[in-house]
Amino acid sequence: MVAKAKEELEQEILVKEEEKQKYLADRAPPLNTGGLSLAQLQDLCRELHAKIDVVDEERYDIEAKVMLNTREIKDLNIKVLDLRGKFKRPNLRRVRVSADAILRSLLGSKHKVSMDLRANLKSVKKEDTEKKRPVEDSDWRKNVEAMSGMEGRKKMFDAAKGPAQ
């Protein structure tokens with residue numbers, strides 16, 4: 001199977017080479033420079049240079065068209081990807097950065113900022129909170145009837161509102 005594919009490939013190469021030789025024979029016949037005078041040789045050179053210039057202009061135009069088409073193809077591929085909504089996202093590596101390093105990068109190296117969050121917190125003493133609440137040793141069953149109904153709720157509301165003022 002591989003040998004057969006190899007033979008077909010060689011045949012295709014030979015066919016292309018033959019086509020190339022035919023095209024060159026049609027487009028560029030062999031030059032007969034024997035027996036020509038100096039003036040005739042100069043005229044032949046001018047004609048060949050003119051043909052070379054025409055071919056170069058055509059080649060340049062074709063290259064420009066190819067570049068334009070490739071640019072359009074790239075733009076259209078980008079539009080297709082945008083419409084599909086599929087973007088290739090690069091794999092991001094996780095980087096550990098401290099809060100100080102982030103602030104330094106944001107504020108610059110002139111500002112020296114330390115990110116000590118505990119320094120800005122208020123200190124609360126446990127003794128103060130215990131003194132404000134009086135300890136009630138009373139039994140809760142005594143107040144059930146007094147606190148029932150709307151008046152009981154009003155008393156609870158007033159009691160809660162009173163010490164705060």
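Definitions and limits used
Residues numbered from 1 in each chain as written. Predicted model: local features only at pLDDT ≥ 70, side-chain atom pairs only at ≥ 80, totals over all residues. Heavy atoms only, no water. Helix = DSSP H or I, 4+ residues; strand = E, 2+ residues; numbered from the N terminus. Buried < 20%, exposed > 50% of the residue type's maximum accessible area, 1.4 Å probe, protein only. Areas by Shrake-Rupley, 256 points an atom, 1.4 Å probe, with all protein chains shown as cover. Expected span 1.5 Å × (residues − 1). Salt bridge = Lys/Arg side-chain N within 4 Å of Asp/Glu carboxyl O. Patch = residues over 30% accessible without salt bridge, like charges linked within 9 Å, V, L, I, M, F, W, Y side chains within 5 Å. Lys, Arg positive; Asp, Glu negative; His and termini not counted. Charge placed at Lys NZ, Arg CZ, Asp CG, Glu CD.

**Quick notes on the overall build of the chain**
Looking only at helices and strands, the chain has six helices and zero strands in total. Start at the N end of the chain and walk to the C end: the helices and strands fall as α-α-α-α-α-α. Expressed as a percentage of the 165 residues in the chain, the buried residues total 1%. Accessible surface for the chain amounts to roughly 17500 Å². Of this, 56% is attributable to carbon and sulfur atoms.

**Brief notes about helix α2 (residues 38-84)**
Residues that lie three or four places apart on an α-helix share one face, since the helix turns once every 3.6 residues. Taking 1.5 Å as the rise per residue, α2 with 47 residues should run 69 Å; its terminal C-alpha atoms sit 68 Å apart, in good agreement. The first or second residue beyond α2 is G85, which carries a positive phi of 85°.

**Considerations on the pattern of salt bridges**
Scanning the entire structure with this criterion turns up three salt bridges. Ionic pairing is found between R46 and D43, a salt bridge with its closest N-O pair at 3.2 Å. In this pair, R46 and D43 are both assigned in helix α2, three residues apart and thus about one turn of the helix distant. Assessed through its relative accessible area of 41%, D43 is described here as partly exposed. In this structure, R59 and E63 form a salt bridge, with 3.2 Å as the shortest nitrogen-oxygen distance.

**Some remarks on a nonpolar patch on the surface**
A cluster of nonpolar residues, V95, V97, I102, L106 and L107, forms a patch on the protein surface that exposes about 490 Å² of accessible area. Tracing the sequence through the fold places V95 in the loop between α2 and α3 (99-107). By relative accessible area, V95 is classed as exposed at 62%.

**Some details on a negative patch on the surface**
A cluster of acidic side chains, namely E7, E8, E10 and E12, defines a negative patch on the protein surface. Along the chain, the position of E8 falls in helix α1 (residues 2-27).

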